[in-house]
Amino acid sequence: MEEASTPSSTKPIPVFRMMDEQGQVLPGVGDIGVSDEKLIKMYKKMVTLNVMDKILYDAQRQGRISFYMTNYGEEGAAIASAAALDFTDTIYGQYREAGAILWRGFSLNQCMNQCYGNRLDKGAGKQMPVHYGDDTLNYQTISSCLSTQMPQAPGHAYAMKLQNKKSCVMCYFGDGAAQEGDAHAALNFAATLECPVIFFCRNNGFAISTPTKDQYAGDGIASRGVGYGVETYRIDGNDVLAVHKVTSHARRICVEEGRPVLIEAMTYRIGHHSTSDDSSKYRPAVEVKSWNTTNCPIRRLQGLLRDREVWNDESEQQLKDQAREDVLKAFGEAEKELRPSPNVLFTDVYDDMPPHLQKQKDEMWANVKAHPDNYPTDKFE
Ligand SMILES: Cc1ncc(C[n+]2csc(CCOP(=O)(O)OP(=O)(O)O)c2C)c(N)n1
């Protein structure tokens, strides 16, 4: 009998790192592959996202927006990976990658307008908060149903390849989303059709309350890439240098060699899953605290910048004050803005409105007019 290949006889895929918890570049790393200027820009976006998260999380708690999901602990994974892409690359996100769209140029006002679902929201208030999207930024709108983006991404990438475009697709997803059947179809299509797509898994330890130990028994998500014949990397997702370097490399493989790459970024979801969750029910506070202190990607990058003598207490204070001022300004403006006209409930699906929708629209307006006290029409466009 041949020797069996067992999980215990197979070596786990190692985690690639370039810096330690204090932000010190590890010995032997050499060129870090990114300029100080770009690192500072990444740091500013990470801090701004963190401030935006705090304000919008509290806004939901005060009943001012309906729902919110924070990015705490994963700011580095989203921003450093997006920073390694070209603007022509199309991004398919899950929902916890607000940093990627901020990096692309989505403004704080646009984030706030979307979370309020006001009349300036491109989605006209038809999506839940944090379901950002912007065609002008090559950023596909987020779908609530997990893994929807995963088979779409290689399809888009395959079309790019057929058109000889020198671009690729970035597909973000979580460890939980990787348990959906769509994840397997996506990886297999990408591998067999050789699609220029980067699958970027944020392995943050949880799918809501389900820890990864209850999600899979194998060597994480990375081992699946190898199984499907996809070049794969496992990286420290809180090490922005590793994220940036490996994503740049993956992009080169996609664009120059026309092949997919899977990256499993090991990170930790510091916040609750969403405002509908209380994570104190299923994980110890001390675990969260250690990720929020020793392994926080923002603190680690700040350590690197200070080490390189391009950051100090004064720049830190200035950034925090500016970020808070900018976020609060955008927040105030979005809150004051009118909501979309109720008419848009019936638009954007059909070119010509079918009779059954026209009937529903007429009934809606009749109801609104019959009960003016229940419908604050002055707050709508
Ligand atoms: C098809 C489908 N099933 C279930 C859900 C409910 N749901 C929303 S998020 C989530 C967990 C996803 O976890 P993960 O992919 O690890 O991402 P994370 O929230 O940790 O960033 C679940 C089960 C859903 N939105 N869609």
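Each value, and the rule that gives it
Residues numbered from 1 in each chain as written. Predicted model: local features only at pLDDT ≥ 70, side-chain atom pairs only at ≥ 80, totals over all residues. Heavy atoms only, no water. Helix = DSSP H or I, 4+ residues; strand = E, 2+ residues; numbered from the N terminus. Rg over C-alpha atoms; globule rule 2.2 N^0.38 Å. Buried < 20%, exposed > 50% of the residue type's maximum accessible area, 1.4 Å probe, protein only. Contact = heavy atoms within 4.5 Å. Areas by Shrake-Rupley, 256 points an atom, 1.4 Å probe, with all protein chains shown as cover. Lys, Arg positive; Asp, Glu negative; His and termini not counted. Charge placed at Lys NZ, Arg CZ, Asp CG, Glu CD. Near = heavy atom within 4 Å. Polar contact = N/O pair within 3.5 Å; in protein donor to acceptor, adjacent residues only side chain to side chain. Nonpolar A, V, L, I, M, F, W, Y, C, P; charged D, E, K, R; others polar. Phe/Tyr/Trp six-rings, centres within 6.5 Å; stacked < 30°, edge-to-face > 60°. Lys NZ or Arg CZ within 6 Å of the ring centre and 35° of its normal. Pairing = 2+ DSSP bridges. Core = buried A, V, L, I, M, F, W, Y, C linked by side-chain atoms within 4.5 Å.

Visitor: Got a sec to walk through the overall build of the protein? Specific residues and values, please.
Guide: Secondary structure summary: the protein contains 12 helices and eight strands in total. At 22 Å, the protein has a C-alpha radius of gyration in line with the 21 Å of a compact globule built from 381 residues. Reported as C-alpha extents along the three principal axes, the dimensions of the protein are approximately 75 × 55 × 45 Å. Expressed as a percentage of the 381 residues in the protein, the buried residues total 50%. Restricting to contacts in the protein with at least 6 residues of sequence separation, those with at least 24 account for 73%. Per element, the accessible surface of the protein, about 18300 Å² overall, is 51% carbon and sulfur. For the protein, the distance from the average position of its 42 positive side-chain charges to the average position of its 51 negative side-chain charges is 2 Å.

Visitor: Which residues make up the site of the ligand, and what values go with them?
Guide: Near the ligand, the surroundings consist of 17 residues, among which Y95, R96, G176, A177 and F206 are the closest. Here Y95 contributes a side-chain N or O atom positioned 2.5 Å from an oxygen atom of the ligand. Measuring from an oxygen atom of the ligand, one finds a backbone N or O atom of F206 at 2.7 Å. Looking at the shell around the ligand residue by residue, the class counts come to seven nonpolar, six polar and four charged.

Visitor: Talk me through the packing of aromatic side chains; I want residue IDs and the actual numbers.
Guide: For any pair of aromatic rings, geometry is given as the distance between the ring centres together with the angle between the planes. All chains considered together, the criterion is met by eight aromatic pairs. Relative to W291, the ring of Y268 has its centre 5.0 Å away and its plane inclined at 10°; by these criteria the two rings are stacked. Of the two residues, Y268 is situated in the loop between β8 (261–266) and α9 (285–293) and W291 in helix α9; the sequence distance between them amounts to 23 residues. Taking relative accessible area as the criterion, Y268 reaches 5% and is therefore assigned buried. Relative accessible area serves as the criterion here: at 23%, W291 is assigned to the partly exposed category. Grouping aromatic residues by their ring pairs yields a cluster made of F206, Y268, Y282 and W291. The ring of W103 is capped by K41, whose NZ or CZ atom sits 4.3 Å from the centre of that ring. When the ring centre of F206 is taken as origin, the NZ or CZ atom of R283, which lies over that ring, is 5.2 Å away.

Visitor: Describe the pairing of strand β3 (residues 169–174), and please don't skip the residues or the numbers.
Guide: Along β3, six of the six residues are buried, which leaves the element largely enclosed by surrounding structure. Judged by which residues are buried, β3 turns out to be covered on both faces: V169, C171 and F173 on one side and M170, Y172 and G174 on the other are all buried. Pairing analysis gives three bridges linking strand β1 (residues 90–92) to β3, with the strands arranged parallel. In the strand pairing of β3, Y92 is matched with C171.

Visitor: Give me the nonpolar core: which residues, what numbers.
Guide: If you look at soluble globular proteins, the nonpolar side chains tend to sit buried side by side. In terms of nonpolar packing, the biggest core is built from 80 residues, with L39, M42, M52, Y68, Y132 and L301 touching the most fellow members. Ranked by the residues each element gives to this core, the list is headed by helix α1 (residues 36–61), at 13 residues. Here L301 is in contact with L39, M42, Y43, M46 and V240, once residues within four sequence places are set aside. Core analysis: the next-biggest nonpolar cluster, separate from the first, contains 23 residues, V169, A178, L187 and C201 among them.

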